[in-house]
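Remarks on the overall topology
These are the residues of each chain, in order.
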Amino acid sequence: MDRVALRGLKARGHHGVFPKEREEGQTFIVDLTLGLDTRPAAADDDLTKTVHYGIVAEEVVDVVQGEPVDLIETLAERIAQQCLKHAGVQEVEVVVHKPDAPITVPFDDVTITITRSRA
C-alpha cells in the first residue's frame, strides 16, 4: 500500500471538557497518512484515480472547526471516518495534536494517534 501524507494541518476548534476550552477554543494540528494504491493514477497521470489531498485537507479542517466534542479521541475518530469516505483510501493514520491543552506543568504537546481501515 502506498502512502500520501499531510502534516501540520492547523485549525481552531472548541473541543475539550472544560468550559474555557469550549468558549475560547484553541488550535489543533492534524497529521494524516492515507493508505491507498497510487499505481492507477501514476500509470495514467490522472488525479481522479487517486485521493485529492487538497480536498481531504479542507474536509479535515471542517471537522476540527465543526461540532465540539469533549475528547481528542472522538475528534480523531471523526477525522478518520471522513478520510475513509474517499473511495481509494483503504487506511488512515490520524494524529491530533493539542499543544495548548490545559495542563498545569510544562509540556510540548499532547497527541492521540489512531489507525483505521475499511477492513
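Quick summary incoming for the structure in this document. Bear in mind the structure is a predicted one, so any value in this text is a computation, not a measurement.

This part is about the overall build of the chain. When you go through the chain residue by residue, the secondary structure sums to 4 helices and 4 strands. The order of helices and strands in the chain, counted from the N terminus, is β-α-β-α-α-α-β-β. Its C-alpha atoms put the chain at 50 × 25 × 25 Å along the principal axes. Across the 119 residues that make up the chain, the buried fraction comes to 39%. Averaging the coordinates of the 13 positive side-chain charges in the chain and doing the same for the 21 negative ones gives two points 2 Å apart.

On to the environment of L36, then. Counting through the fold element by element, L36 comes out in strand β2 (residues 26-36). The buried category is assigned to L36, whose relative accessible area is 1%. As for L36 and S117, which are separated by 81 residues in sequence, their C-alpha atoms are 11 Å apart. Contact partners of L36, with chain neighbours within four places excluded, come to M1, D2, V4, T50, V51, G88 and V89.

The sheet built from 4 strands is open, its strands ordered β1-β2-β3-β4 with antiparallel pairing. The open sheet terminates on both sides in strands that have one partner only, identified here as β1 (2-13) and β4 (111-117). Averaged over all adjacent pairs, the angle separating strand axes in this sheet is 15°, with direction ignored. The pairing of strand β3 (residues 91-97) with β4 spans 7 bridges and is classified as antiparallel. When the sheet's bridge partners are listed, V92 is paired in β4 with R116.

Let's shift gears to the packing of helix α3 (residues 53-65) against helix α4 (residues 72-83). Packed helices, taken two at a time, are described by the angle their axes make and the gap between the axes. Running from amino to carboxyl end, α3 crosses α4 at an angle of 150°, the nearest separation of the two axes being 10 Å. Between α3 and α4, the crossing angle belongs to the class labelled roughly antiparallel. Here α3 and α4 pass one another in a crossing that is right-handed. From α3, V56, E59, V60, V63 and V64 reach across to α4, where they touch L75, R78, I79, Q82 and C83.

Next up on the list: the nonpolar core. Grouped together as the largest cluster of nonpolar side chains are 29 residues, with contacts concentrated most on V30, L32, L34, I79, V94 and V96. Elements represented by at least two residues in this core include exactly β1, β2, α3, α4, β3 and β4. Examining the composition of this core, we find that 6 residues originate from one element, α4, more than from any other. Sequence-distant contacts of L32, that is, excluding residues within four places in its chain, are made with V4, A5, L6, R7, L9, V56, V60, I79, C83, V92, E93 and V94.

Criteria and thresholds
- Residues numbered from 1 in each chain as written.
- Predicted model: local features only at pLDDT ≥ 70, side-chain atom pairs only at ≥ 80, totals over all residues.
- Heavy atoms only, no water.
- Helix = DSSP H or I, 4+ residues; strand = E, 2+ residues; numbered from the N terminus.
- Buried < 20%, exposed > 50% of the residue type's maximum accessible area, 1.4 Å probe, protein only.
- Lys, Arg positive; Asp, Glu negative; His and termini not counted.
- Charge placed at Lys NZ, Arg CZ, Asp CG, Glu CD.
- Contact = heavy atoms within 4.5 Å.
- Pairing = 2+ DSSP bridges.
- Axes fitted to C-alpha atoms, helices over the stretch in contact; angles between N-to-C directions.
- Parallel < 35°, antiparallel > 145°, perpendicular 65-115°, else oblique.
- Left-handed = near helix turned anticlockwise from the far one by under 90°.
- Core = buried A, V, L, I, M, F, W, Y, C linked by side-chain atoms within 4.5 Å.

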